[in-house]
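The residues making up each chain are set out below.
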Amino acid sequence: MTTTSVSKGCFVFKPSAKKKKKTLSLDNSEIRFKLCQDLWHKIRADTEVLQDELNRKILDSLLDFTRKCSSTRQHSDWASQMRASEIPTAALVLGVNVPDHDMTFQSLSELLQQSVTPHVASVQAKECGALKHLMKRVLERLMDTVVTVDDEEEEETEQTSTQLHKSVHCSLSTLCDWYNAKTMKSKTGTPGKKRSSPVRDDPQQPPVVIIFKDLEAFNPKVLQDFILICSRYVERLPLMFIFGIATSPSTIQHMLPHSVSSLLCIELFQSLSCTQHLATVIDKLILTPQFPFKLNGKVMQVLMSIFLYHDFSVRNFIKGVQLALLEHFHSQPLSVLCCKKKEALLNVMQLSHHDLESIRHLLSFRRYVEKQEPQEQLNLFRDDTHLKEVCQKLIKDLRKYHKNYYPVLRCLHTLTSSLPRYPLGKQVRELHLICLEKNVWENEDYQTAMKLLKMLAKDELIASLQRCVEILQPVKSKKMKKALVELEELLTLLEMNESRRAKKLSPFEVLRNEALEFIDGLVKSHLSPPESQTLNEVCYYSSSATVRRHLNATPRTSIQAALSSPYYYLQSLKTEDGTVSNAAPDICIAYKLHLECGRLINLYDWLEAYATVVSAAEGNNPDSDNVRKVEEVKHARFIQAVSELEFLGFIKSTKQKTDHVARLTWGGC
Amino acid sequence: MAALLQHAGYEEERLLRVAQQMPCREVQAGMLLSLMGQPQQYSYPSIFIYGHRASGKSHVMHVLLKELELPHATVSCVECVSVALLFEQVLLSFFGCDAASLLPRSPSLSDFVRIYRQQCSQSPAKQTRYIVMEKAELLRDTDANLLPALLRLQELVEDNVTIILLSEIVWDKFRPNTGCFEPLLLHFPDYSKGELQQILSQDRHPSYTAEFYSSYINILLGVFYSVCRDLRELRHLAALNFSKFCEPLAEGKVKETDTHKLWRNIEPHLKKAMQTVYLREVSSLQWEQMQQMEEKESGALRGLSAHTHVELPYYSKFLLIAAYLASYNPARTDKRFFLKHHGKIKKTNFLKKNEKTSNHLLGPKPFPLDRLLAIFYSVVDNRVAPTASIFSQISSLVTLQLLTQVSHDDQLDAPKYKCAVSMDFICAISRTVNFDIVKYLYDFL
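Residues numbered from 1 in each chain as written. Chains lettered and ligands numbered in written order. Predicted model: local features only at pLDDT ≥ 70, side-chain atom pairs only at ≥ 80, totals over all residues. Heavy atoms only, no water.

1. Remarks on the overall build of chain B
Scanning chain B for helices and strands turns up 20 helices and eight strands. With 445 residues in all, chain B has 50% of them scored as buried. Total accessible area on chain B is roughly 21900 Å²; 53% of this is exposed by carbon and sulfur atoms. (Helix = DSSP H or I, 4+ residues; strand = E, 2+ residues; numbered from the N terminus. Buried < 20%, exposed > 50% of the residue type's maximum accessible area, 1.4 Å probe, protein only. Areas by Shrake-Rupley, 256 points an atom, 1.4 Å probe, with all protein chains shown as cover.)

Laid out in structure tokens, this is it:
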């Protein structure tokens, strides 16, 4: 019934409709899982494409560099001969977001292997503690064999591997021989040439590229020695290095003395900064109506603060989005409606009575109901089919809201981002956060921004409005099309009118005010926060606490929670009043008792108290005789609990008083 | 000059070829030849050659042994990560790979001697065999018995073999305290300016005359000789700037003989090269590109050390600031800086005279993790939960080498760190977070 125009992207739909209908009535978890999976695959594919695009420029220039190096090596002009002893080196500055580097290196080595040379080896600092290990890794990765290092520790693995592989000695001359054999072999394709020309003149000499993924972490001595050795062979072996640098290129000079760095011919490549990277990801992933799944303001805030305050890692940001996505589809039964329009409308019709009841309980829905006529209110509560119809309409409204929200958001951003001191933020994500929180037009900064805009000169205003027009042009929504027409009219009028200084408002000023009022109107009608929209709970994930708990773990708090309320983790210990039961683990009892003490704890008193609690738990009368007998076991258990507490950092031994330990935490019960 | 290299037992023609290939080293080569004697004669067991970098040690040895076709093995000690590699290379070049494969896994010196003797009885030396060890200073770090044994290898293996050690360090620094066989010492002095001129003039560009190139070298040495006498470095500079030198020629403005005009053209250029290329601030490739560009554009190219800015997450910046404060402030002054109501601290007591201003001169001091976190929590403006990512940021600062871990990796309990960034760096970082670090530094109070 509702197959009106939907933007037709290349979405993967694999609906097995019949199966779904059955399961849906009982439990829609399966369908939610599928929706979640599809959405995640789409998001992941999109971000991968995006990252490839972002890296393309730097990777292309790197590839050019490698090609150029390997071609100049084969030239025989005077200048390149004089330079032949230098090892071409690319210093690739990637920024401190180390977790993101893996992907870059992955695609770099793939690209190199595809288009420049089959001989690429990448090494990491942690596997190259000593020179021989570095050598071994490089050789293994290039030659694809097991390499012997004369090392006692590896004796056993060696003996087994000698039978399997032809093991080789760990030196660069082995590599040279191997390389010559390789290039010879590829040359035998044209047998006539084989002997006639020396190897150096062969144009088919692909370079051997060694990638040092994390230069800073390498032991400088190992690196220096390795470079010294390599420079001895550079005439026989077309070596090339790529240094992955996280901090700044001056690290190279800190790590390598002049005698070593003079063997390299270093060229610098600077990658995109991670904040720019994130801005692009947010632009393509969050600020688009394309994905039905949305994050509310608080969750966005958590993810942003993890990025800005903690790790600068775009990969982790996307992981955070993934977590929110999973949690949303897992915890919100109505998320079955969080999908493409067509599917969502279909799913509305399949909703069970139970689901509809939960819709009736939604906060946003109740607000909607209150605004309706009494008769309609009754209908909504009583009649399931009527509710379904209304829901379809509401879902459509929500989609329309998103379609209009993002273009208007971008327009407002283009207008305000050039203002002095950025009243509404420098980045579009900041403005987005403000809009998610509350009505942006009630914000004081918004008022100042509007005031500043009213003072804009003609050319600036026209330029910004021009950009707004460009933003609105591709949007396929009736309201936006109408807005576009109006804006274009205003723009032509503005261009026609001169701005003159006069007491009375000049026609330009009148028009300027008109244009800004128009923008203001757009903002007021389209940038209301999503919380005000009915059924926003379907699309918006709002549990920021869960995200924070999962992504920004607080080990200390968890330990304390486990010790003071073990029933939180061990369901069997649940008591009504929430106190620690006597049957709790020993360490919990000891912890609880130690909270009652001051800075110094008398061990004997502590033991006594512990023994009393434990005997009570075992149901023994503390005054009876057999208390004495089990004392030894209890004593041992107590000592263990105390040393566990020491290990966790709650107490430490002290010399201030005999038989006492010192508390390392404050507070008590 | 070939007269110096006359020696019985070697063909005259070959000696002449040798002499041509090593300008300005005839004296040393002649000395070496007389030490080596005729090929079939026994030679002195060990010779120690030392001289600065690029003074022709390896080159002379290489040319001599190669041109005179003497049996030899050249080993670089950097490359020998284990002694096994050393032994293997020696056996390989003297007796072929069969002999080398006889070596057991992780061979000892006596294994080597045994196999050497065994092989040598099968193919005794008709000529002196030479083992050349480059960068011999690294032998000092190997097993204590290796160097003394190598020095008298001739005795051990009972063969006509001579060890030649090449080093940039004098013999006095080698001598083990247990004493050893003293090798013959031979010094390779640095090249003089005239000698450098002569050597450098040899790599002339094929399309220009020798005189022209020689005059270029003369100008180059005039600029660089006062700061650099390293032959390799000078050769690198010569190669880089030659195209610029030839530019007016190619444009037809000047004749080859007009040295003065050429000098005027190249001199400012060489001065500029002295600032950047000599330190390898920019690579030779970039330098060439820069030369091809117009002067005004070349300002965009900056050296490696110009890029010192590091972007860090917000809390990492504060962690680094806290680490800097912990490294350069005495621990007892923490109370004064970070406690709101620190009570009375007597000024005379607080400012000890000898401690003042010396902290930055002494370099960073180690501090425990607790202190770092305590300072961190008091400098960071809002409340921060002690989350796992705060701790992981500390370790990532360590891998980025902005902090260094002083205690051993295995020590989980109270690890100690040092701050490894400069004052300028930390000032730049604190400016980005609006933190006035100088106010918190004891040295600047």
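2. With respect to the overall build of chain A
Summing up its helical and strand segments, chain A has 28 helices and twelve strands in all. Taken over 669 residues, chain A has a buried fraction of 49%. Contacts in chain A between residues far apart in sequence, at least 24 positions, make up 72% of those at least 6 positions apart. Here chain A has roughly 33900 Å² of accessible surface; of this, 53% comes from carbon and sulfur atoms. (Contact = heavy atoms within 4.5 Å.)

3. Observations regarding the interface of chain A and chain B
In this complex, chain A contributes 59 residues to the contact, which on the side of chain B involves 58 residues. Of the roughly 4900 Å² buried where chain A meets chain B, counting both sides, 59% is carbon and sulfur surface. Run the count over chain A and chain B and you get two salt bridges. Note that arginine 232 of chain A is salt-bridged to glutamate 79 of chain B, the shortest N-O span being 3.3 Å. If you look at where chain A meets chain B, you find twelve residue pairs in polar contact (both at pLDDT 80 or more). Of all the elements, strand 7 (residues 264-270) of chain A adds the most residues to the side of chain A that touches chain B, at six residues. Of the residues assigned to the side of chain A that touches chain B, the class counts are 27 nonpolar, 18 polar and 14 charged. (Buried area = accessible area lost by both parts, 1.4 Å probe. Salt bridge = Lys/Arg side-chain N within 4 Å of Asp/Glu carboxyl O. Polar contact = N/O pair within 3.5 Å; in protein donor to acceptor, adjacent residues only side chain to side chain. Nonpolar A, V, L, I, M, F, W, Y, C, P; charged D, E, K, R; others polar.)

4. Regarding the packing of aromatic side chains
Taken as a whole, this structure holds 47 aromatic pairs over all chains when the rule is applied. By the ring-pair criterion, three or more aromatic residues cluster together here, those being Tyr309 of chain A together with Tyr314, Tyr315, Phe318, Phe337, Phe338, Phe376, Tyr377, Phe435 and Tyr440 of chain B. Over the ring of phenylalanine 94 of chain B we find arginine 129 of chain B; its NZ or CZ atom is 5.7 Å from the centre of that ring. (Phe/Tyr/Trp six-rings, centres within 6.5 Å; stacked < 30°, edge-to-face > 60°. Lys NZ or Arg CZ within 6 Å of the ring centre and 35° of its normal.)

5. Structural notes on the confidence of the model for chain A
Residue and element names in this part refer to chain A. In this model, chain A carries an average pLDDT of 82, and 84% of its residues clear a pLDDT of 70 or more. Low pLDDT (under 50) marks residues 150-167, which in the prediction has 23 contacts with non-local residues, meaning those over four places away or in another chain. Across residues 189-202 the pLDDT falls below 50, and counting only partners more than four positions away or on other chains, this stretch makes twelve contacts in the model. (pLDDT = per-residue confidence, 0-100.)

6. Some remarks on a positive patch on the surface
Residues Lys400, Lys478, Lys479 and Lys482 of chain A make up a contiguous surface patch of positive charge. Tracing the backbone shows lysine 400 of chain A in helix 18 (residues 384-416). (Patch = residues over 30% accessible without salt bridge, like charges linked within 9 Å, V, L, I, M, F, W, Y side chains within 5 Å. Lys, Arg positive; Asp, Glu negative; His and termini not counted. Charge placed at Lys NZ, Arg CZ, Asp CG, Glu CD.)

7. Considerations on the sheet that holds strand 8 (residues 416-419) of chain B
All names here are of chain B. Spatially, the three strands line up as an open sheet ordered 6-8-7, and their pairing is antiparallel. Of all strands in the sheet, those bounded by a partner on one side alone are strand 6 (367-368) and strand 7 (403-405). Pairing analysis gives three bridges linking strand 7 to strand 8, with the strands arranged antiparallel. Within the sheet, the bridge partner assigned to threonine 404 lies in strand 8 and is lysine 418. (Pairing = 2+ DSSP bridges.)

8. Let's talk about helix 23 (residues 507-526) of chain A
Between its terminal C-alpha atoms helix 23 of chain A stretches 28 Å, which fits the 28 Å expected from 20 residues at 1.5 Å a residue. Within helix 23 of chain A, the full set of buried residues consists of Phe508, Leu511, Arg512, Ala515, Leu516, Phe518, Ile519, Asp520, Leu522, Val523 and His526 of chain A. (Expected span 1.5 Å × (residues − 1).)

9. Concerning the state of the cysteines
Residue and element names in this part refer to chain A. Scanning the entire structure with this criterion turns up zero disulfides over all chains. Between cysteine 36, a free cysteine, and cysteine 338, which holds the nearest cysteine sulfur, the sulfur-to-sulfur gap is 9.4 Å. Looking at the unpaired cysteine 468, the closest cysteine sulfur is the one in cysteine 411, lying at 4.0 Å. Its relative accessible area of 0% is what places cysteine 468 among the buried residues. (Disulfide = S-S within 2.5 Å.)

10. Quick word on the UniProt feature "domain: Origin recognition complex subunit 3 insertion" (unreviewed entry) in chain A
According to UniProt, the positions carrying the feature "domain: Origin recognition complex subunit 3 insertion" (unreviewed entry) are residues 349-492 of chain A. Helix and strand shares over residues 349-492 of chain A are 76% and 0% respectively, and the end C-alpha atoms of the span are 48 Å apart. (UniProt positions renumbered as here; feature names shortened; annotations may be inferred.)

11. Regarding the packing of helix 18 of chain A against helix 19 (residues 428-437) of chain A
All names here are of chain A. It is the contact of helix 18 with helix 19, at a shortest axis distance of 10 Å, that shows an interaxial angle of 120°. Considered as vectors, helix 18 and helix 19 are oriented oblique to each other. The chirality of how helix 18 crosses helix 19 is right-handed. Between helix 18, through Tyr405, Tyr406, Leu409, Leu412 and His413, and helix 19, the contact on the second element is made entirely by Val428, Leu431, His432, Cys435 and Leu436. (Axes fitted to C-alpha atoms, helices over the stretch in contact; angles between N-to-C directions. Parallel < 35°, antiparallel > 145°, perpendicular 65-115°, else oblique. Left-handed = near helix turned anticlockwise from the far one by under 90°.)

12. Some thoughts on the environment of methionine 300 of chain A
Residue and element names in this part refer to chain A. Here methionine 300 shows up in helix 12 (residues 297-311). A relative accessible area of 0% places methionine 300 in the buried class. Along the primary structure methionine 300 and valine 614 are separated by 314 residues, whereas in three dimensions their C-alpha atoms are 48 Å apart. Excluding residues within four positions of it along the chain, methionine 300 makes contact with Ile282, Ile286, Leu295, His432, Leu433 and Leu436.

13. Thoughts on the packing of helix 4 (residues 83-95) of chain B against helix 6 (residues 109-122) of chain B
Residues and elements named next belong to chain B. Running from N to C, helix 4 and helix 6 cross one another at 5°; their axes reach a closest spacing of 11 Å. Accordingly, the angle class assigned to the pair helix 4 and helix 6 is roughly parallel. The segment helix 4 lies against helix 6, with Phe87, Val90, Leu91, Phe94 and Phe95 engaging Leu109, Phe112, Ile115, Tyr116, Gln119 and Cys120. Residue classes in the contact of helix 4 with helix 6 are distributed as ten nonpolar, one polar and no charged.

14. Some remarks on the sheet that holds strand 4 (residues 161-167) of chain B
All names here are of chain B. Taken together, five strands build an open sheet; the order of strands is 2-3-4-1-5 and the sheet is parallel. The sheet is open, and its two edges are formed by strand 2 (72-76) and strand 5 (184-187), each paired on a single side. Strand-to-strand, the axes of this sheet are offset by a mean angle of 20°, without reference to chain direction. Pairing between strand 1 (residues 46-50) and strand 5: four bridges, direction parallel.

15. Focus: the pairing of strand 4 of chain B
All names here are of chain B. Of all seven residues in strand 4, seven are buried; the element is thus mostly enclosed. Side chains Val161, Ile163, Leu165 and Ser167 project from strand 4 onto one buried face, and the interleaved Thr162, Ile164 and Leu166 project onto a second face that is buried too. The sheet contact formed by strand 1 and strand 4 spans five bridges and is parallel. Its bridge partner being in strand 4, isoleucine 49 is matched across the sheet by leucine 166. Pairing between strand 3 (residues 129-134) and strand 4: five bridges, direction parallel. Bridging across to strand 4, valine 132 finds its partner in isoleucine 164.

16. As for the pattern of salt bridges
With the rule as written, the count across this model stands at 29 salt bridges over all chains. For the salt bridge of aspartate 46 of chain A with lysine 42 of chain A, the shortest nitrogen-to-oxygen distance reads 3.3 Å. In this pair, aspartate 46 of chain A and lysine 42 of chain A both sit in helix 2 (residues 29-74), four residues apart, roughly one turn of the helix. Classification of aspartate 46 of chain A as partly exposed rests on a relative accessible area of 25%. Residue arginine 175 of chain B pairs with aspartate 172 of chain B through a salt bridge whose shortest N-O separation is 3.6 Å. Via salt bridges that share partners, Lys136, Arg137 and Glu140 of chain A belong to a single interconnected network.

17. Structural notes on a nonpolar patch on the surface
All names here are of chain A. Residues Ile559, Phe647 and Leu648 make up a contiguous nonpolar surface patch of about 300 Å² in total accessible area. By the element assignment, leucine 648 lies in the loop between helix 28 (627-647) and strand 11 (651-653). You can call leucine 648 partly exposed: its relative accessible area is 33%.

18. Considerations on the pairing of strand 8 of chain B
All names here are of chain B. Burial along strand 8 is one-sided: Tyr417 and Cys419 are buried, and none of Lys416 and Lys418, which face the opposite way, are. In this sheet, strand 8 lies alongside strand 6 in antiparallel orientation, the contact comprising two bridges. Within strand 8, the residue paired with phenylalanine 367 across the bridge is tyrosine 417.

19. Structural notes on the environment of glutamate 537 of chain A
Residue and element names in this part refer to chain A. For glutamate 537, the position within the fold is in the loop between helix 23 and strand 9 (540-541). Glutamate 537 gets classed as buried once you look at its relative accessible area, which sits at 18%. Between the C-alpha atom of glutamate 537 and that of aspartate 225, which follows or precedes it by 312 residues, the distance is 61 Å.

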